[in-house]
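Structure at a glance
Listed below are the residues making up each chain.
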Amino acid sequence: MKILVPVKRVIDANIRVRVKADNTGVETANVKMAMNPFCEIAVEEALRLKEAGNAEEVIVVCVGPEKSAETIRTGLAMGADRGVHVATDERLEPLVIAKILKVVAEKEGTDLVILGKQSIDDDNNQTGQMLAAIMGRPLGSYISKIESSDGGFAITREIDAGLESLKITSPAVVTADLRLNEPRYASLPNIMKAKKKPIEVMSPEDLGVEVKNRTNVVRVDEPPAREAGIMVSSASELVDKLKNEAKVI
Amino acid sequence: MSVLVIAEHDNSQLFPSTLNTVAAASKINSEVDVLVAGSDCGDIAAQCAKIAGVGKVLCADAPTYANEITENTAALVKAHVSNYSHVLAPASTFGKALIPYTAALCDVQAISDISEVVSEDTFVRPIYAGNALQTVQSSDSVKMITVRTTAFELADAESGSAEVITVEDFGATDWVQFVDQNLSQSERPELTSAKVVVSGGRGMQNGDNFAMLEKLADNLGGAVGASRAAVDAGFVPNDYQVGQTGKVVAPDLYLAVGISGAIQHLAGMKDSKVIVAINNDEEAPIFQVSDYGWNEDLFVAVPALQAELESN
Ligand SMILES: Cc1cc2nc3c(=O)[nH]c(=O)nc-3n(C[C@H](O)[C@H](O)[C@H](O)COP(=O)(O)OP(=O)(O)OC[C@H]3O[C@@H](n4cnc5c(N)ncnc54)[C@H](O)[C@@H]3O)c2cc1C
Ligand SMILES: Cc1cc2nc3c(=O)[nH]c(=O)nc-3n(C[C@H](O)[C@H](O)[C@H](O)COP(=O)(O)OP(=O)(O)OC[C@H]3O[C@@H](n4cnc5c(N)ncnc54)[C@H](O)[C@@H]3O)c2cc1C
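The rules behind these values
Residues numbered from 1 in each chain as written. Chains lettered and ligands numbered in written order. Predicted model: local features only at pLDDT ≥ 70, side-chain atom pairs only at ≥ 80, totals over all residues. Heavy atoms only, no water. Helix = DSSP H or I, 4+ residues; strand = E, 2+ residues; numbered from the N terminus. Rg over C-alpha atoms; globule rule 2.2 N^0.38 Å. Contact = heavy atoms within 4.5 Å. Axes fitted to C-alpha atoms, helices over the stretch in contact; angles between N-to-C directions. Parallel < 35°, antiparallel > 145°, perpendicular 65-115°, else oblique. Left-handed = near helix turned anticlockwise from the far one by under 90°. Buried < 20%, exposed > 50% of the residue type's maximum accessible area, 1.4 Å probe, protein only. Right-handed = clockwise from strand over helix to strand, strands pointing away. 1 Å grid on protein atoms, 1.4 Å probe; cavity = no way out; pocket = protein on both sides within 12 Å on 5 of 7 lines; lining within 4 Å. Points joined across faces, edges and corners; volume = space filled by probe spheres on them. Nonpolar A, V, L, I, M, F, W, Y, C, P; charged D, E, K, R; others polar. Domains from an automatic or database assignment. Core = buried A, V, L, I, M, F, W, Y, C linked by side-chain atoms within 4.5 Å.

Right, let's talk about the overall build of chain B for a bit. Counting its secondary structure elements, chain B contains eight helices and 16 strands. Compactness check: chain B gives a C-alpha radius of gyration of 21 Å against a globular reference of 20 Å for 312 residues, within 12% of the reference. Here the C-alpha coordinates of chain B stretch approximately 60 × 40 × 40 Å along the principal axes. For chain B, restricting intrachain contacts to residue pairs at least 6 apart in sequence, the fraction spanning at least 24 positions comes to 65%.

If you want it as structure tokens, here you go:
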């Protein structure tokens, strides 16, 4: 089995983002970037499937500007075998990303694509679902468990009401939720080894995908700020405030 | 053309998220239809017919739709999409899986988690864990949208009188086989629509200590939530998680107990009307967004609060 893991480069989860003064987006200059945490979980799961003897090769792919190569290297340092970099400076929507990933997955002949369920920057939570739809492959969204079973996969999904188990056929597209695993850190020797692993670079045009967005960002604003209130020092004071001042109980 | 809302339900109950989604739809266009896909879901369709502002209820009642298999519901929605300018579903795990999948089948770029309708093609949505608000305009002929339900009121569930139309079953996929569900059983109100939410974090130390919060929630008629750290540590199940990548809540009262206030947690609760934090670290960031902060050991504060509420 060959596994493809799409990984995205995002602003590090620990950074507090700032909206740009001209309201066109958020400040990204000189801001620490990292692999999207859900993509780390996706890479980890692919590696575990490989280590358990269920897969032969793990390929990481990133669509994005030149610097995205760093994110691919992170995946290679974790243990992925090789990288694909679809280089573009354009802002791409999930549907376009999904169309690009489809061509890559088909070219590579992958049996399983594991994506993150959501990017922590744009928070779209769309790409995996879209990829499954346009590839005509079963979707396992928000998975917290995956096992090979009867030529397909047995998965558990995190849904709002609890957990759901499904069996899906192979090839498939799944998206990783938080509790799927705890991703490993890349060891120094593996970081060194990753420098020699191949990354193939191509453009969306090479893949025959037209880059055409359907949405336009009109503006980006700071959300209304919440002010800190007061401190209380006893249960009676708190209950009094909630009853008589805030009137919520 | 009118707006189609996909109802969220479990065949026995219509979820309030459907009412919030109808309210959002009504801000786009006064003509709103509702699609109910389920099995033995006649009662659900009848309830949807009573929602104020709903013109027609399309009801697909078949074993195909007994469980929410994304592929099956998406094929059904796609079959009806040509009659609509917009398709809306709640931004729950149900809607978040369904809408992008259906949109891609229709070659449409979906719009996730809207918190405001600016016009029929322009919407506001939170990005970066709610640290920025993006206004986005769509040029697609059909707009496919998930709705942040806490940002919209509940449509009136009693005053409507829509007609119910039976629609065809579009067949089940062979790719996906439902096995089972392991759902949290609770007598308490559902987290995302509760008026009061009592949440615990890593400071709770273990699952047994959550009993204190359950008691408090029961006294206040509320639900119990948790931070990711509490879920990851196994104190409570995954469906308790509030935050950027869990559930979004906006109750009248949110009580955060032993929760530090990481941005990912705030993303799921900072639109609550009143926030109370109990934390023994006076520097905890949660205090910066709290209306009432209490810098105290939770093992002292929670029992004291419980006693005070009981004596009142
Ligand atoms: C309105 C709008 C504004 C945008 N503005 C910018 C911008 O200012 N700068 C900019 O660089 N981009 C911008 N983009 C592109 C954007 O960053 C995303 O790459 C794209 O929209 C996917 O959305 P998401 O990351 O929220 O997807 P999600 O659906 O949340 O991502 C889920 C998963 O899909 C996979 N995935 C997503 N994107 C990629 C990728 N690029 N390569 C490989 N795998 C991927 C990952 O596995 C990820 O975990 C914008 C997109 C939109 C729609
Ligand atoms: C990709 C990603 C997604 C995430 N999504 C979410 C999400 O959806 N929801 C979420 O919540 N988090 C999420 N997180 C995690 C988030 O960053 C924090 O790690 C998490 O919210 C911390 O949980 P906590 O506040 O319970 O724990 P901690 O940060 O460890 O805080 C515990 C608090 O309890 C207090 N405390 C300890 N003992 C006591 C006591 N006896 N009495 C009173 N107070 C006490 C401490 O002072 C401390 O402030 C996400 C992180 C990432 C990277």
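It is worth spelling out the packing of helix 3 (residues 70-80) of chain B against helix 4 (residues 93-105) of chain B at this point. Residue and element names in this part refer to chain B. Where helix 3 meets helix 4, the axes come as close as 9 Å, and the angle between the chain directions of the two elements is 50°. Here helix 3 lies oblique to helix 4, going by the angle between them. Like other packed secondary-structure pairs, helix 3 and helix 4 cross with a definite hand, here right-handed. Of helix 4, the residues touching helix 3 (which contributes Thr70, Glu71, Thr73, Ala74, Val77 and Lys78) are Ala97, Leu98, Tyr101, Thr102 and Leu105.

With that settled, consider the pairing of strand 4 (residues 57-64) of chain A. Residues and elements named next belong to chain A. When you tally the buried positions in strand 4, you get eight out of eight residues, the bulk of the element. The alternating pattern of strand 4 places Glu57, Ile59, Val61 and Val63 on one face and Val58, Val60, Cys62 and Gly64 on the opposite face, and all of these are buried. Crossover connection from strand 4 via helix 2 (residues 68-78) to parallel strand 5 (residues 82-87): handedness right-handed.

Before going further, it helps to examine empty space enclosed by the protein. For the structure shown, the criterion picks out three cavities of 30 Å³ or more. Computed from the structure, the largest cavity encloses a volume of approximately 100 Å³. What lines the largest cavity is Ile11, Asp12, Ala13, Ile15, Val17 and Ile120 of chain A together with Tyr128, Ala129, Asn131, Gln244, Ile263 and Gln264 of chain B. Of the residues contributing to the lining of the largest cavity, the split by class is eight nonpolar, three polar and one charged. Each of domain 1 (2-166) and domain 2 (191-311) of chain B gives at least three residues to the lining of the largest cavity.

The biggest cluster of nonpolar side chains holds 53 residues, and the ones touching the most others in it are Val86 and Ile100 of chain A together with Ile6 of chain B. It is helix 3 (residues 94-108) of chain A that provides the largest number of residues to this core, a total of eight residues. Not counting chain neighbours up to four residues away, the residues in contact with Ile100 of chain A comprise Val63, Val86, Leu92, Pro204, Leu207 and Val209 of chain A. Ranked by size, the runner-up nonpolar core spans 40 residues in total, among them Ala46, Ala77, Ala80 and Val174 of chain A.

Function-wise, these values are silent; they only describe arrangement.
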